[in-house]
Structure formats: structure tokens, C-alpha cells
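# Results of the structural survey
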Amino acid sequence: MLRTRTSLSTWSQERNMKWLLLLWLVAFSECIVKIPLTRVQIIRKTRSEKKMLNNFLKEHAYSLYLTSSPGSKITTHPLRNIQDMIYMGNITIGTPPQEFQVAFDTASADLWVPSIFCTSPTCASHVMFRHLESSTFRLIRKTFGIVYGSGRMKGVVGRDTVRIGDLVSVDQQFGLSMEQSGFEELPFDGVLGLSYPNMSFMGGIPIFDNLRNQGAISEPVFAFYLSKSKPEGSVVMFGGVDKSYYQGTLNWVPLIQARTWRVHMDRISMNRQTIACSGGCEALLDTGTSLIQGPRSLVNNTLRLIGATPRGSKHYVSCSAVNTLPSIDFTINGINYPLPAQAYAIKDSRGNCYIGIREDSVSKSTEMWTLGDVFLRQYFSVYDRGNDRIGLAKAV
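Source: prediction; values computed, not measured. (Residues numbered from 1 in each chain as written. Predicted model: local features only at pLDDT ≥ 70, side-chain atom pairs only at ≥ 80, totals over all residues. Heavy atoms only, no water.)

### Here we look at the overall build of the chain
Tallying secondary structure elements over the chain gives 7 helices and 26 strands in all. Taken over 396 residues, the chain has a buried fraction of 52%. A separation threshold of at least 6 residues defines the contact pool for the chain, and within that pool the share at least 24 residues apart is 70%. Working note: accessible area of the chain is about 18,000 Å², and carbon and sulfur atoms make up 52% of it. (Helix = DSSP H or I, 4+ residues; strand = E, 2+ residues; numbered from the N terminus. Buried < 20%, exposed > 50% of the residue type's maximum accessible area, 1.4 Å probe, protein only. Contact = heavy atoms within 4.5 Å. Areas by Shrake-Rupley, 256 points an atom, 1.4 Å probe, with all protein chains shown as cover.)

### A short note on the sheet that holds strand 22 (residues 353–355)
Strand order in the open sheet formed by 4 strands is 17-18-22-21, with antiparallel pairing between adjacent strands. The strands lining the two open edges of the sheet, one partner per strand, are strand 17 (309–311) and strand 21 (345–347). Averaged over all pairs of adjacent strands, the angle between strand axes in this sheet comes to 45°, irrespective of strand direction. As defined by bridge partners, strand 17 adjoins strand 18 (residues 314–317) across 3 bridges and the pair is classed as antiparallel. Bridging from a neighbouring strand, threonine 309 pairs with tyrosine 316 of strand 18. (Pairing = 2+ DSSP bridges. Axes fitted to C-alpha atoms, helices over the stretch in contact; angles between N-to-C directions.)

### Concerning the pairing of strand 11 (residues 234–238)
Where a strand is regular, its side chains alternate between the two sheet faces. Here strand 11 lies mainly inside the structure; 5 of its 5 residues are buried. Of the two faces of strand 11, both are covered, the one formed by Ser234, Val236 and Phe238 as well as the one formed by Val235 and Met237.

### Digging into the side chain of aspartate 160
Turning to its location among the elements, aspartate 160 is positioned in strand 7 (residues 152–164). No salt bridge is formed by the buried aspartate 160; the nearest opposite charge belongs to arginine 163, separated by 6.8 Å. Separated by 2.6 Å, the side chains of aspartate 160 and serine 134 make a polar contact. Filtering out sequence-adjacent residues up to four positions away, aspartate 160 remains in contact with Ile93, Gly94, Thr95, Phe129, Ser134, Thr136, Phe137, Ser169, Val170, Asp171, Gln172 and Phe174. (Lys, Arg positive; Asp, Glu negative; His and termini not counted. Salt bridge = Lys/Arg side-chain N within 4 Å of Asp/Glu carboxyl O. Polar contact = N/O pair within 3.5 Å; in protein donor to acceptor, adjacent residues only side chain to side chain.)

### Notes on the environment of glutamine 247
Turning to its location among the elements, glutamine 247 is positioned in the loop between strand 11 and strand 12 (251–254). A relative accessible area of 45% means that glutamine 247 is categorised as partly exposed. Distance from glutamine 247 to alanine 393, taken between C-alpha atoms, is 6.5 Å for residues 146 residues apart in sequence. Apart from residues no more than four positions distant in its own chain, glutamine 247 is found in contact with Ala393, Lys394, Ala395 and Val396.

### Some words on the nonpolar core
Ile91, Phe104, Ile164, Phe238 and Phe375 are the most contacted members of the largest nonpolar core, which totals 77 residues. Ignoring sequence-local partners within four residues, the contact set of phenylalanine 375 consists of Ile292, Phe330, Ile332, Tyr337, Leu339 and Leu392. By size, the runner-up hydrophobic cluster in this structure holds 13 residues, among which are Met88, Trp112, Leu186 and Met202. (Core = buried A, V, L, I, M, F, W, Y, C linked by side-chain atoms within 4.5 Å.)

### Quick look at the pattern of salt bridges
For the coordinates displayed, the defined rule picks out 6 salt bridges. With a closest N to O distance of 2.5 Å, glutamate 282 and arginine 262 form a salt bridge. Taken as a pair, glutamate 282 in strand 15 (residues 281–285) and arginine 262 in strand 13 (residues 262–270) lie far apart in primary sequence, 20 residues in all. Assigned by exposure class, glutamate 282 and arginine 262 land together as buried. Between glutamate 359 and arginine 296 there is a salt bridge whose closest N-O contact spans 3.1 Å. One end of the pair, glutamate 359, is in strand 23 (residues 357–359); the other, arginine 296, is in helix 5 (residues 296–306), with 63 residues separating them in the sequence.

### A word on unusual backbone geometry
The step from threonine 95 to proline 96 runs through a cis peptide bond, and the omega angle for that step is 0°. Here proline 96 is to be found in the loop between strand 3 (85–93) and strand 4 (98–105). Residues other than glycine seldom take positive phi values, yet aspartate 171 does so here, at roughly 55°. Here aspartate 171 shows up in strand 8 (residues 167–180). Residue classification places aspartate 171 among the partly exposed residues on the basis of a relative accessible area of 32%.

### Quick notes on helix 5
Burial in helix 5 covers these residues: Val299, Thr302, Leu303 and Ile306. Each buried residue of helix 5 sits inside an arc of 95° when the element is viewed along its axis, so together they form one side. Of the residues in helix 5, the exposed ones pointing more than 90 degrees away from the buried face are Ser297 and Arg304. Count one or two residues on from helix 5 and you reach glycine 307, which has phi positive near 90°. (Arc of directions from axis to C-beta.)

### Considering the packing of aromatic side chains
Per the stated rule, a full pass over the model turns up 20 aromatic pairs. For the pair phenylalanine 224 and tyrosine 383, a centre-to-centre distance of 6.1 Å together with 90° between the ring planes defines the contact as edge-to-face. With phenylalanine 224 in strand 10 (residues 221–225) and tyrosine 383 in strand 25 (residues 379–384), this residue pair connects regions lying 159 residues apart in the sequence. For tyrosine 383, a relative accessible area of 0% corresponds to the buried category. Connected via pairs of aromatic rings, a cluster forms that spans Tyr196, Phe208, Phe222, Phe224, Phe238, Trp261 and Tyr383. The residue whose ring lies beneath lysine 314 is tyrosine 354, and the NZ or CZ to ring-centre distance is 4.1 Å. (Phe/Tyr/Trp six-rings, centres within 6.5 Å; stacked < 30°, edge-to-face > 60°. Lys NZ or Arg CZ within 6 Å of the ring centre and 35° of its normal.)

What follows is the structure, given as C-alpha cells:
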């Protein structure tokens, strides 16, 4: 009888534990906040506008290596390399909320949007923050500036309530641009950086850190799913991971330093032959860069092996030959991440196919590759601030 009672008690405890676990999982899943992203193709209108935009894009490849420290007021910080597509999502700032479309960027740490302070014509083509209409806005007497090769942006720092979906960051520091040039054809209003605090050029606490500090998210992680073919379907999620967006298991890769989303890459190969990163190199996972970027000589060799021919700033292949091109394997932490030709060959608005790999115009002391959206469309990526690591898995 004593044994029977013990068995019944154990069974009851196990059943209760299962129910508690189920309730915890449900509660945890509800804590994951998903923000839809829209993939937008940049439309080039006239030949002169196209030339101006191409010059801007060529000079604005993102560089992790900067010519001055984040603490300086004006620094050379190329923000973005956008070719034909960018992923954007909506946020709101202020009380009552004012809505903006921003690029969610893992390679920078600051949030900024245009403001009514801005007198540049380029600001007029975007939504501008109206600080006088927000009852929670505070102006900080601090300026910042970003200088580009063919454009620039200067601004002031403010604080206000920022909302990303259901997430609320109170008294969030952000930048309000006063002068802008070179952003006329770019579809987003501003940028929301998701890198580490040391990458902040305004010297404040980035929004993800604020959400973490204020208890708005249950886990210090965020993740990206970038759709392959449809403009809709892409999401950035905060506070957890939805397993329905990837296949198999997540492969975790430690960061080189808990400062940026950079990891060690073993090699890059094609047809089982190493073509780059032969002695190991660094790879930056950058949701704000459309293409894959690397050192000029290695990129040129890769394009030659593919059989791509230069045309302007891009290298093209015959669209009918894409299915015959080899995959490119990126080996990270001992695991191969193949990128098929259907992923790295991109069809432009005229129906021609170009290779989504280009040289990084900024020379570096060590070999570094930027794995942008061409790579991240194939692989679901998780950014774990709690453990300073990145998770990768095959995207559905």
C-alpha cells in the first residue's frame, strides 16, 4: 500500500510538473515579440539619379574599422551598403507615437531618424520627427556627426519613448538629423542599430540594452528571418526564438570579442577547393548590408572562378547558367554553410543576373568578410547577448 501511494504521488507530481512546463513554454512563446520586415527594391528613375546613387553606394560600404573613435563628435562611419534591396520595419517614437520605417542593423548601435530641425532637401523625402508634438521628448544638448565620402549627416541627441511592436523603451536616447545628403533614393527613414554599446557614436545606451535593462524582454536575444523570394514574410524577433523559421538545430558560434557580431571563419571553398580565408579570417554578420563583401583580390578571384563579367560596379552571369554554377561553402566553427548559386546570383529589375559578392573598398589589416543579406536569407540567425554568441540554422 505504501508503494502504491508513493507511485500515485510521484505520478501526480510528474503530471503537475508537465503542466507547469507546458504553461512555462506557452508563457515564454508569448514573450517573443515578432516585428514584420518588408523587403523593398530601390527604384532608380533617371540616368543621372542612377549614377549619383551608384556613386553613393560604392562609397558607403560599411566599415568596422573607423578613422576616429566613437567618442568624437564627427567620425567617418560608412553606415550602409545597399544595392537593390533593403529590409525595413516600423517603429514609433514619442507621445502620441510617430511612425518611422527603419533598417534594423546588426553592424551599428545607434537609433536615428530625420527631424524637423533638418533643412536638407533629402529630409523632406522622409518622415521627420516633430519633437514639439511629443509630450515625452527631451532634448539633450549634444551633437553628433557622420561623414561619408559623398554625403554626410549631422544631428542632435534627444530622448523619448520608442516602441518596437509591443516593446517599449522609455527615455530612449536617439539621434535627430539636422543635415543630410546622399539619402534621397534610400527608402528607409532611419537606422536602428543592434550592435554592442561600444559601437554607439552618441555615447548612450542602445535600444536593445534599454529593453533588456527595463525588463521588456524575457531573454537577451534577437533573431532574423529574411524571406528569400517574397517582399513580405521577413521578421526580426526579440526575447526568444521561434523554431518554425528554421530547420534542424541551431549551431552556436562564439564571438571573437563581446564588442561586435564578428566570428571566426575557417575558410571559404568552392568545389572542395579553398578560394579564400585559407588561414582563417573574421566574418561580420550584418543585416544592414545587402551583399557579401571581402578583400578585393579574393573577391575578384571568386568572381573569375564563377565566370562573371564586369558591367559597371557589378559582375553578371547569364541567368540561364545560374543552375550550373557551383555552390560557395562558408565554413564557420567547423560547420559548412553552403550558398547555392540561386542564392548568390540575383536578378535585377531588368531581368539580368548579377553576383551578390563585391569587394570591400576599405582595406584592413586582417582578412575580414561581411556576410550580408545574401547569406542571411539562407540562414536564420540568432544574436545572443547573454552568452556573446551567434546561432545559425538553415532557414525554411
